[in-house]
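This is what each chain is made of:
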Amino acid sequence: MQNQLTISTETLEAFLTYMSESGHSINSVQTYRQTVTQFYDFLPEEKVIGPDTVSQWQKYMIEQGYANTTNNARLYIINHFMEFLGKREWQHKCWTRKN
């Protein structure tokens, strides 16, 4: 189905390799690893994503009480992941705002 994509741990590793080879520092790649792993753990058992998955994850992070800066940093990374997957249209466009 075109509106869904199954994610695997191999997909995550390919993304992290790409980020490392793109010149990101070791610390940045570690942060990317933490974020994509948290995103992966959030996914349902089938590990399927769709157009609303990133927005759903943002809502979940807000409900969990994460700081806006944390949410935005994670969304930034996941938007890079969506671009890597060729799904720029699935990127999140609404950032968490300060109250």
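The structure this text deals with has already been given above.
Attention here is on the structure that accompanies the text. These figures come from a predicted structure and were not determined experimentally.

Each value, and the rule that gives it
Residues numbered from 1 in each chain as written. Predicted model: local features only at pLDDT ≥ 70, side-chain atom pairs only at ≥ 80, totals over all residues. Heavy atoms only, no water. Helix = DSSP H or I, 4+ residues; strand = E, 2+ residues; numbered from the N terminus. Rg over C-alpha atoms; globule rule 2.2 N^0.38 Å. Buried < 20%, exposed > 50% of the residue type's maximum accessible area, 1.4 Å probe, protein only. Contact = heavy atoms within 4.5 Å. Areas by Shrake-Rupley, 256 points an atom, 1.4 Å probe, with all protein chains shown as cover. Lys, Arg positive; Asp, Glu negative; His and termini not counted. Charge placed at Lys NZ, Arg CZ, Asp CG, Glu CD. Salt bridge = Lys/Arg side-chain N within 4 Å of Asp/Glu carboxyl O. Expected span 1.5 Å × (residues − 1). Arc of directions from axis to C-beta.

## Quick word on the overall build of the protein
- Helix and strand counts for the protein come out as four helices and two strands.
- Relative to a compact globule of 99 residues, whose C-alpha radius of gyration would be 13 Å, the protein shows 13 Å and is just as compact.
- By the burial criterion, 35% of the 99 residues in the protein qualify as buried.
- Taking all contacts inside the protein whose residues are at least 6 apart in sequence as the whole, residues at least 24 apart take part in 61%.
- In the form shown here, the protein has an accessible surface area of approximately 6400 Å², with 47% of it arising from carbon and sulfur atoms.
- The averaged location of the 10 negative side-chain charges in the protein is 10 Å from the averaged location of its 9 positive side-chain charges.

## Side note on the pattern of salt bridges
- All told, the structure shown has one salt bridge when counted by the stated rule.
- The partner of Arg33 in a salt bridge is Glu13, with the nearest N and O atoms 2.7 Å apart. Of this pair, Arg33 sits in helix H2 (residues 26-42) while Glu13 sits in helix H1 (residues 9-21), and the two are 20 residues apart along the sequence.

## As for H1
- Here H1 spans 18 Å end to end across 13 residues, near enough to the 18 Å set by a 1.5 Å rise per residue.
- Here H1 has its buried residues at Thr11, Leu12, Phe15, Leu16 and Met19. Each buried residue of H1 lies within a common arc of 135° when the element is viewed along its axis, so the set occupies one face. Exposed side chains of H1 directed beyond 90 degrees from the buried face belong to Glu10 and Glu21.
- In this structure, the buried residues of H1 make contact with H2 and helix H4 (68-84).
- Backbone geometry just downstream of H1 places Gly23 in the positive-phi region, at approximately 100°.

## What to know about unusual backbone geometry
- In this structure, Lys47 is a non-glycine residue whose phi angle is positive, near 60°.
- Positionally, Lys47 belongs in the loop between H2 and strand S2 (48-49).
- Lys47 gets classed as buried once you look at its relative accessible area, which sits at 15%.

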